[in-house]
Amino acid sequence: MVVTEPDNPPYQQQSMLLVPTDTPGVEIVRNVGLSYESENDDHGTHAYIRYNDVRIPKENLLGPRGGGFVVAQTRLGGGRIHHAMRTSGRVQRIFDMMCERAISRTTQGELLSKKQMVQEMIADSWIEMEMFRLLVLRTAWRIDRYNDYKFVRKDISAVKAAMPGVYRNIASRALQIHGSLGASWEMPFGKEVIESFHMGLADGPTEVHKVQVARRVLDSYVPCDDLFPTGHLPKRRAAAEAKYADVLERHLQTH
Ligand SMILES: Cc1cc2nc3c(=O)[nH]c(=O)nc-3n(C[C@H](O)[C@H](O)[C@H](O)COP(=O)(O)OP(=O)(O)OC[C@H]3O[C@@H](n4cnc5c(N)ncnc54)[C@H](O)[C@@H]3O)c2cc1C
């Protein structure tokens with residue numbers, strides 16, 4: 001994605017181009033992996049790339065000139081809900097491992113599942129997992145219903161912002177419940193914890209999505225021009241007394 005129209009408004013300056021890696025001038029400086037991947041295994045999946053006077057045919061333009069931002073946001077809307085759906089499945093898998101361990105491992109005279117702090121971890125995890133899954137389902141339903149990523153961007157940002165926290169909490173608790181085994185490379189939890197950070201960074205950091213949610217939510221409210229807010233109790237009482245003055249009057253007369 002490159003700036004091709006510098007004189008356009010900010011969101012219409014970029015264009016999206018497809019550049020095959022065998023195009024002359026494409027230089028893969030080095031691959032970079034996530035922290036649980038090994039440099040020696042050459043697992044890097046994200047590269048620093050330098051484009052040295054690269055030229056590509058016109059047909060490699062995705063969408064119109066200056067339309068790169070729209071192309072990216074359209075694609076990213078679907079990508080974000082996809083991340084959330086995948087995360088929902090991963091979290092279920094981690095949760096199942098946590099529960100199996102809790103009812104299998106005896107330590108200090110009883111099963112882990114009998115210890116109340118372990119029970120709390122299981123209860124909190126189940127509640128977070130189910131709330132998250134329902135939010136993902138609702139968002140997917142709204143995408144299908146309105147077929148307009150722009151219209152549902154608050155919902156998509158909300159699942160994107162909720163995802164890393166739920167994922168990280170449940171992966172961390174699963175690691176803890178498995179004790180030292182959980183922290184070892186013989187279990188997947190360390191990788192899952194790092195992956196939860198990945199979900200909070202890729203396709204926009206959580207903070208940016210929260211800003212998006214807050215903006216869209218606040219759009220539907222109107223300010224109160226009085227010194228006291230609409231919910232101020234004395235004000236509401238006075239309004240109710242004015243509205244039901246007749247009823248109150250009749251009541252006072254008959255009692
Ligand atoms: C595994 C992985 C895959 C990725 N894949 C892609 C990809 O396919 N395509 C792509 O374009 N990008 C991709 N990214 C990049 C990702 O979108 C960026 O890393 C992310 O948007 C943060 O940008 P940055 O790293 O430059 O951090 P910075 O912009 O330097 O931000 C650093 C931190 O500052 C905080 N911050 C940033 N902005 C705000 C704000 N407005 N308000 C409050 N706090 C803020 C956040 O905590 C943020 O993490 C990927 C990242 C990872 C880790």
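Read on for an overview of the structure. (Residues numbered from 1 in each chain as written. Predicted model: local features only at pLDDT ≥ 70, side-chain atom pairs only at ≥ 80, totals over all residues. Heavy atoms only, no water.)

The full count for this structure, using the stated rule, is 10 salt bridges. Among the salt bridges present, the one from Arg90 reaches Glu192, with a minimum N-O distance of 3.2 Å. Here Arg90, found in helix 1 (residues 68–102), pairs with Glu192, found in helix 5 (residues 189–201); they are 102 residues apart in sequence, far enough to count as distant. Overall, the relative accessible area of 25% leaves Arg90 in the partly exposed class. (Salt bridge = Lys/Arg side-chain N within 4 Å of Asp/Glu carboxyl O. Helix = DSSP H or I, 4+ residues; strand = E, 2+ residues; numbered from the N terminus. Buried < 20%, exposed > 50% of the residue type's maximum accessible area, 1.4 Å probe, protein only.)

Adjacent strands of a sheet form backbone hydrogen bonds with each other and so pair up, either parallel or antiparallel. Read from one edge to the other, the open sheet built from 3 strands follows the order 1-2-5, with strand pairing classed as antiparallel. Either end of the sheet is taken by a strand with one partner, and the two such strands are strand 1 (2–3) and strand 5 (61–62). Relative to strand 2 (residues 14–17), helix 1 is tilted by about 60°, and along the sheet it contacts strand 2 and strand 5. (Pairing = 2+ DSSP bridges. Contact = heavy atoms within 4.5 Å. Axes fitted to C-alpha atoms, helices over the stretch in contact; angles between N-to-C directions.)

In the region of the ligand, the neighbouring residues are Leu34, His46, His198, Leu201, Ala202, Asp203, Gly204, Pro205, Glu207 and Val208. Asp203 has a polar backbone atom sitting 3.5 Å from an oxygen atom of the ligand. Put simply, the parts of the chain that give the shell around the ligand at least two residues each are helix 5 and helix 6 (206–219). Residues that form the shell around the ligand fall into these classes: 5 nonpolar, 3 polar and 2 charged. (Near = heavy atom within 4 Å. Polar contact = N/O pair within 3.5 Å; in protein donor to acceptor, adjacent residues only side chain to side chain. Nonpolar A, V, L, I, M, F, W, Y, C, P; charged D, E, K, R; others polar.)

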